[in-house]
Amino acid sequence: MSDTPFGFGLPPEEPENGDEGKKKGNQGGQGGPNPFGFPGMGLPGGAGGPGAADNPFAAMFGSMNPNDLGAAFQQIGQMLSYEGGPVNWDMAKDIARQTVAQGTADGVKDTSVGVAEKSAVEEAVRLADHWLDGVTSLPSGATTAVAWSRAEWVEATLPVWKELVDPVAERVGAAMGSVLPEEMQAMAGPLLGMMRSMGGAMFGQQIGQAVGALAGEVVGSTDIGLPLGPAGKAALLPLNIESFGKDLGVPAEEVRLYLALREAAHARLFAHVPWLRSHLFGAVEGYARGIKVDTSKLEDVVGQLDPSNPEQLQEALQGGMFQPQDTPEQKAALARLETALALVEGWVDAVVHEAAKPRLTSADAMRETMRRRRASGGPAEQTFATLVGLELRPRRLRDASRLWASLTDARGVDGRDGLWEHPDMLPAASDLDDPDGFVHREQLDFSEIDKMLGEAAQKRDQGKQDEQGKQDEQGDGESDGEGEAKK
């Protein structure tokens, strides 16, 4: 579990004094942790430090001379006017776009995708889908192939981030609001509303920074094992693919083809296993329901807070005030999520390697690179851990891949892929310890159950039809009787 739960990651801080900080050599680098993500919060010269122009909160909470008070209060008013959910998603999108516009640490700026790059991605996905046809019984799940810039990735994936993050933010926000005593809560409606608006702004800024940074690293829409993009779209980011393959010593065409295979394989799985998406997202929500926030620490700090020392609150927050506590619900949800992710990534790893091995000379090297990137907790997984307080790390990736490969040898492609028909047919966490035992164990046969259910449904429908027929006949008889009486 992450040490930096949702909304309280460790973004860079501003120097203590804008010009003074530069003299000391602290030019916007990593400072002390700021759990709210507000560089310069409470610091005398925050507004003058590097990055202040890119961070609306640095200017808001920085040096406050009389000439700036009007503008600062106007900004605060705009922030407090937010009346939406637990996260200010408009702010998140704006900050994510600003982060993307700044470029990555290596100085690479986002650019629009050219016609040639779009054509190359479309051709790679088309060829990848053709190769996958021979190694899986699941049909293509990508109706279109798209090449995204980093900014386009932000726009396309934010709806899914909202679905993933809101449940966790809701729990954390509720815990913050419950700090006030009950008798005060009854009288503090406006104050609680202000706290919710402030919380939405803080979370929006944190998510915007994280998603914007992530946009500079991902190569597609399924990097974290979840479908972040719209259904039916296989998406690749040419600019990031170029950076990813720069030091691999692999031809650019092979890198693009291998990543297209992974994107297309994920698309097949999520398109044709209808219960899988809700299963994964339900595990994240189950984890959120189990979050417990230690409000006693917050109460102690609020009671002893020195207004002239805002760093005191920062120190308390980074001391674990909002560290999620392990609960049985969280452990069960986390175990379910980790196993499902391992099975998804293991299946993708196995079928992609089977398709790539005879065709790409770099298949083995690319496979190992992607395995390490996923299993060791790459940038994508670490960012998500900061956002929601849990790690999307398929710890048993290699075990799951071996199990799927063994299933292919023992039961063929159809027998292997048929296990995705029902969640109860999939291997459990214990089966990853004994793949041979699972492969040769007789699996539950749901065909007879489905047949019985179908026959029962037909009998029920036939009974309804017979009953309706009797009612119609009775109605016709009564009508005939009335007609005779009139005569």
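Provided above is the structure to which this section pertains.
The following paragraphs examine the structure supplied in this document. All figures in this text were calculated on a predicted structure; none of them were measured in a lab.

Quick word on the overall build of the chain
Next, step 1: A count of helical and extended segments in the chain gives 19 helices and two strands.
Next, step 2: In the chain, the share of contacts with a sequence separation of at least 24, taken over all contacts with a separation of at least 6, comes to 77%.
Next, step 3: When the accessible surface of the chain is summed, it comes to about 23,500 Å², and 51% of that surface belongs to carbon and sulfur atoms.

Here's the deal with the side chain of threonine 157
Next, step 1: The topology assignment puts threonine 157 in helix H6 (residues 150–177).
Next, step 2: A distance of 2.8 Å separates a polar side-chain atom of threonine 157 from the backbone oxygen of tryptophan 153.

Some remarks on the environment of threonine 111
Next, step 1: Turning to its location among the elements, threonine 111 is positioned in the loop between helix H4 (89–102) and helix H5 (115–133).
Next, step 2: On the basis of relative accessibility, which here comes to 45%, the residue threonine 111 falls in the partly exposed class.
Next, step 3: Sequence separation between threonine 111 and tryptophan 148 is 37 residues, and the spatial gap between their C-alpha atoms is 9.7 Å.
Next, step 4: Setting aside its immediate chain neighbours within four residues, threonine 111 contacts Ser149 and Leu239.

Section: empty space enclosed by the protein
Next, step 1: Counted according to the given criterion, the structure contains two cavities of 30 Å³ or more.
Next, step 2: Counted as a void, the second largest cavity has a volume near 60 Å³.
Next, step 3: Taken together, Asp110, Thr111, Ser112, Val113, Glu117, Trp148, Ser149, Arg150, Leu237, Pro238 and Leu239 make up the full set of residues lining the second largest cavity.
Next, step 4: Looking at the lining of the second largest cavity, its residues break down into five nonpolar, three polar and three charged.

Considering the nonpolar core
Grouped burial of nonpolar side chains is what soluble globular proteins tend to show.
Next, step 1: Ranked by internal contacts, the top residues of the largest apolar core, which has 93 residues, are Trp153, Trp161, Leu276, Leu280, Trp347, Trp404 and Trp420.
Next, step 2: Of the residues forming this core, the biggest block, 13 residues, is contributed by helix H14 (residues 328–356).
Next, step 3: With near-sequence residues (within four places) excluded, tryptophan 153 lies in contact with Trp148, Trp161, Val211, Leu214, Ala215, Val218, Gly220, Ser221, Leu228 and Leu237.

Examining the pattern of salt bridges
Next, step 1: Inspection of every chain in the model, using the stated rule, returns 18 salt bridges.
Next, step 2: Here aspartate 166 ties to lysine 162 by a salt bridge, and the two come within 3.1 Å at their closest N and O atoms. Of this pair, aspartate 166 and lysine 162 both sit in helix H6, four residues apart, which is roughly one turn of that helix.
Next, step 3: What makes lysine 162 partly exposed here is its relative accessible area of 39%.
Next, step 4: Between aspartate 417 and arginine 416 there is a salt bridge whose closest N-O contact spans 2.8 Å.
Next, step 5: The exposure class assigned to aspartate 417 is buried, which follows from its relative accessible area of 3%.
Next, step 6: Members of the salt-bridge network, linked through shared partners, are Arg396, Asp399, Arg402 and Asp433.

Describing the packing of aromatic side chains
One pair of aromatic rings is described through two measures. These are the centre distance and the angle between the planes.
Next, step 1: Evaluated as defined, the whole model comprises two aromatic pairs.
Next, step 2: Here tryptophan 404 and tryptophan 420 contribute two aromatic rings whose centre-to-centre distance is 5.3 Å and whose plane-to-plane angle is 15 degrees, an arrangement assigned as stacked. Of the two residues, tryptophan 404 sits in helix H17 (residues 397–417) while tryptophan 420 sits in the loop between H17 and helix H18 (435–440), which places them 16 residues apart along the sequence. Each member of the pair tryptophan 404 and tryptophan 420 is classed as buried.
Next, step 3: Aromatic ring contacts, followed pair by pair, group Trp275, Trp404 and Trp420 into a single cluster.
Next, step 4: We note arginine 277 situated over the ring of phenylalanine 281; from NZ or CZ to the ring centre the distance is 4.2 Å.
Next, step 5: For the cation-ring pair, arginine 411 lies above phenylalanine 438, with the distance from its terminal atom to the ring centre recorded as 5.9 Å.

What counts and how
- Residues numbered from 1 in each chain as written.
- Predicted model: local features only at pLDDT ≥ 70, side-chain atom pairs only at ≥ 80, totals over all residues.
- Heavy atoms only, no water.
- Helix = DSSP H or I, 4+ residues; strand = E, 2+ residues; numbered from the N terminus.
- Contact = heavy atoms within 4.5 Å.
- Areas by Shrake-Rupley, 256 points an atom, 1.4 Å probe, with all protein chains shown as cover.
- Polar contact = N/O pair within 3.5 Å; in protein donor to acceptor, adjacent residues only side chain to side chain.
- Buried < 20%, exposed > 50% of the residue type's maximum accessible area, 1.4 Å probe, protein only.
- 1 Å grid on protein atoms, 1.4 Å probe; cavity = no way out; pocket = protein on both sides within 12 Å on 5 of 7 lines; lining within 4 Å.
- Points joined across faces, edges and corners; volume = space filled by probe spheres on them.
- Nonpolar A, V, L, I, M, F, W, Y, C, P; charged D, E, K, R; others polar.
- Core = buried A, V, L, I, M, F, W, Y, C linked by side-chain atoms within 4.5 Å.
- Salt bridge = Lys/Arg side-chain N within 4 Å of Asp/Glu carboxyl O.
- Phe/Tyr/Trp six-rings, centres within 6.5 Å; stacked < 30°, edge-to-face > 60°.
- Lys NZ or Arg CZ within 6 Å of the ring centre and 35° of its normal.

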